[in-house]
Amino acid sequence: MSWFFAPFYDRFMRASEEACLISWRKELLAKASGKTLEIGAGTGANLDSYPAHIQDLTLLEPDNAMRGLLEKRIASGSFKATICANSATELPFPDNHFDTVLCTLVLCSIPDQHRALQEIKRVLKPGGCFLFLEHGAAPEDSSRLNWQRRLEPLWKIFAGGCRLTRRADKDIEGSGLIIEEIQRESMRKALPITRPTVRGLARKAL
Ligand SMILES: C[S@@+](CC[C@H](N)C(=O)[O-])C[C@H]1O[C@@H](n2cnc3c(N)ncnc32)[C@H](O)[C@@H]1O
């Protein structure tokens, strides 16, 4: 995330948070259990949504500006978490380590999302779950997808490398994780190019 965008991120997202994201985050995180890793935790938008039974939480955030805001939020709240500055493409954890890995609005920003998903699968325990909430490409042949393609090169520069035309569900399936639950919905009060979303649960095979 560009250093100049981080301070505005929460304000930029507020309308969508209130319209839908807060409730989607709560619903998704209710499915977390055990030792949990959040990838690209940003400013800590998920912190209020973790259920009380999550007591072993690691937050990964490689961007200095975002991580600074995350550390402030942790210091001023009652959250207990370990913060880690590594990239999702090189996770500093052993194989089969976490019960839950979580990503919200992150796979769009990781330059090599395929490698990140392989790492996520590696650190998940067999049977462990990957929870995701991602925005992405509009349906094929839609005019929205044409606009996403046109605007992506410029958008990427101003939005911390965020791509508009990825299909997280296809990428997750391609990684070998097994999608068990998926919902597709429009992110309300968001720019039209970032509205299509998918969220759900994928599992690492036993
Ligand atoms: C749009 S923000 C989302 C923040 C937060 N997860 C949320 O739901 O609001 C994308 C985040 O992905 C992080 N990110 C980008 N590349 C990454 C990588 N290689 N590994 C881990 N996180 C990454 C960025 O630093 C940024 O904090």
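Here the structure is shown first, and the text comes after it.
Predicted, not measured: the structure shown is a model, and the values here were computed from it.

Visitor: Describe the pairing of strand 4 (residues 98–104), with residues and values.
Guide: Burial analysis of strand 4 places six of its seven residues in the buried class, the great majority of the element. The pairing of strand 4 with strand 5 (residues 124–135) spans six bridges and is parallel. Within strand 5, the residue paired with Val101 across the bridge is Phe130. You can see the chain leave strand 4, run along helix 3 (residues 113–123) and come back into strand 5, and the turn it takes is right-handed.

Visitor: Give a detailed account of the site of the ligand, specifying residues and quantitative values.
Guide: Within the structure, the ligand sits among 19 residues, and Tyr9, Arg25, Gly40, Glu61 and Thr104 are positioned closest to it. Ala88 places a main-chain nitrogen or oxygen 2.9 Å from a nitrogen atom of the ligand. For the ligand, the accessible surface in isolation is 590 Å², of which the surrounding protein chains cover 93%. Grouping the constituent residues of the shell around the ligand by class yields 11 nonpolar, five polar and three charged.

Visitor: Tell me about the pattern of salt bridges, and name the residues and values.
Guide: Scanning the entire structure with this criterion turns up 14 salt bridges. One salt bridge connects Arg25 with Glu17, and the closest N-O pair in it is separated by 2.7 Å. Taken as a pair, Arg25 and Glu17 share a single burial class, namely buried. Across the pair Glu140 and Arg149 runs a salt bridge, and its minimum N-O distance is 3.8 Å. Taken together, the salt bridges that share partners define one network made up of Glu27, Glu185, Arg188 and Arg199.

Visitor: How would you sum up helix 3? Please name residues and give values.
Guide: Inspection of helix 3 places Gln113, Ala116, Leu117, Glu119, Ile120 and Val123 among the buried residues, and these make up the whole buried set. Around the axis of helix 3, the buried residues are gathered within 160° of arc, so they sit on the same side. For helix 3, the elements touching its buried residues are strand 1 (36–39), strand 4, strand 5 and helix 5 (168–175). Where helix 3 begins, the capping side chain belongs to Asp112, and its oxygen is found 3.3 Å from the backbone nitrogen of His114.

Procedures and definitions
Residues numbered from 1 in each chain as written. Predicted model: local features only at pLDDT ≥ 70, side-chain atom pairs only at ≥ 80, totals over all residues. Heavy atoms only, no water. Buried < 20%, exposed > 50% of the residue type's maximum accessible area, 1.4 Å probe, protein only. Helix = DSSP H or I, 4+ residues; strand = E, 2+ residues; numbered from the N terminus. Pairing = 2+ DSSP bridges. Right-handed = clockwise from strand over helix to strand, strands pointing away. Near = heavy atom within 4 Å. Polar contact = N/O pair within 3.5 Å; in protein donor to acceptor, adjacent residues only side chain to side chain. Areas by Shrake-Rupley, 256 points an atom, 1.4 Å probe, with all protein chains shown as cover. Nonpolar A, V, L, I, M, F, W, Y, C, P; charged D, E, K, R; others polar. Salt bridge = Lys/Arg side-chain N within 4 Å of Asp/Glu carboxyl O. Arc of directions from axis to C-beta. Contact = heavy atoms within 4.5 Å.

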